[in-house]
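Chain by chain, the residues run as shown.
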Amino acid sequence: QVQLVESGGGLVQAGGSLRLSCAASGRTFSSYGMGWFRQAPGKEREFVAGITRSGGLPYYADSVKGRFTISRDNAKSTVYLQMNSLKPEDTAVYYCAARTEVGSGRTSNEYSYWGQGTQVTVSS
């Protein structure tokens, strides 16, 4: 079992930045690939960014590429999502998730463990 707790969400103006954190506890954090997903009201949950166990291979949805950066600190059992140049369409609840590294890491059904989510609201 892995427990995940997100933090760092909030209200920010368009063009601003936020840094989300996801602290993990339980089984060995470095055993899991990690991902960030988001869900806006009335929409399906969508992939945002993912990172491999070692942290060497981050990958992103096209909608956030060049603006968001995912990273991890295995010593702190934490994964981060640095979000820059935020847009109103980035408004959503953001979730972190953990998976064993089978598959692309871009679909929610590959992830076994989920946090409770943190709200990000970007005003225009």
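Attention here is on the structure that accompanies the text. (Residues numbered from 1 in each chain as written. Predicted model: local features only at pLDDT ≥ 70, side-chain atom pairs only at ≥ 80, totals over all residues. Heavy atoms only, no water.)

## Notes on the nonpolar core
Counting 36 residues, the largest nonpolar core has Leu4, Met34, Trp36, Leu81, Met83 and Tyr94 as the members making the most contacts within it. Here the element with the most residues in this core is strand β9 (residues 92-99); it accounts for five residues. (Core = buried A, V, L, I, M, F, W, Y, C linked by side-chain atoms within 4.5 Å. Buried < 20%, exposed > 50% of the residue type's maximum accessible area, 1.4 Å probe, protein only. Helix = DSSP H or I, 4+ residues; strand = E, 2+ residues; numbered from the N terminus.)

## Notes on the pattern of salt bridges
Considering all chains together, one arrives at five salt bridges under this definition. Where arginine 38 meets aspartate 90, a salt bridge forms, and the shortest distance between an N and an O atom there is 2.9 Å. One end of the pair, arginine 38, is in strand β4 (residues 33-39); the other, aspartate 90, is in the loop between β8 (78-83) and β9, with 52 residues separating them in the sequence. In this pair, the class of arginine 38 matches that of aspartate 90, namely buried. Three or more residues are tied together by salt bridges with common partners; here these are Arg38, Glu46, Arg67 and Asp90. (Salt bridge = Lys/Arg side-chain N within 4 Å of Asp/Glu carboxyl O.)

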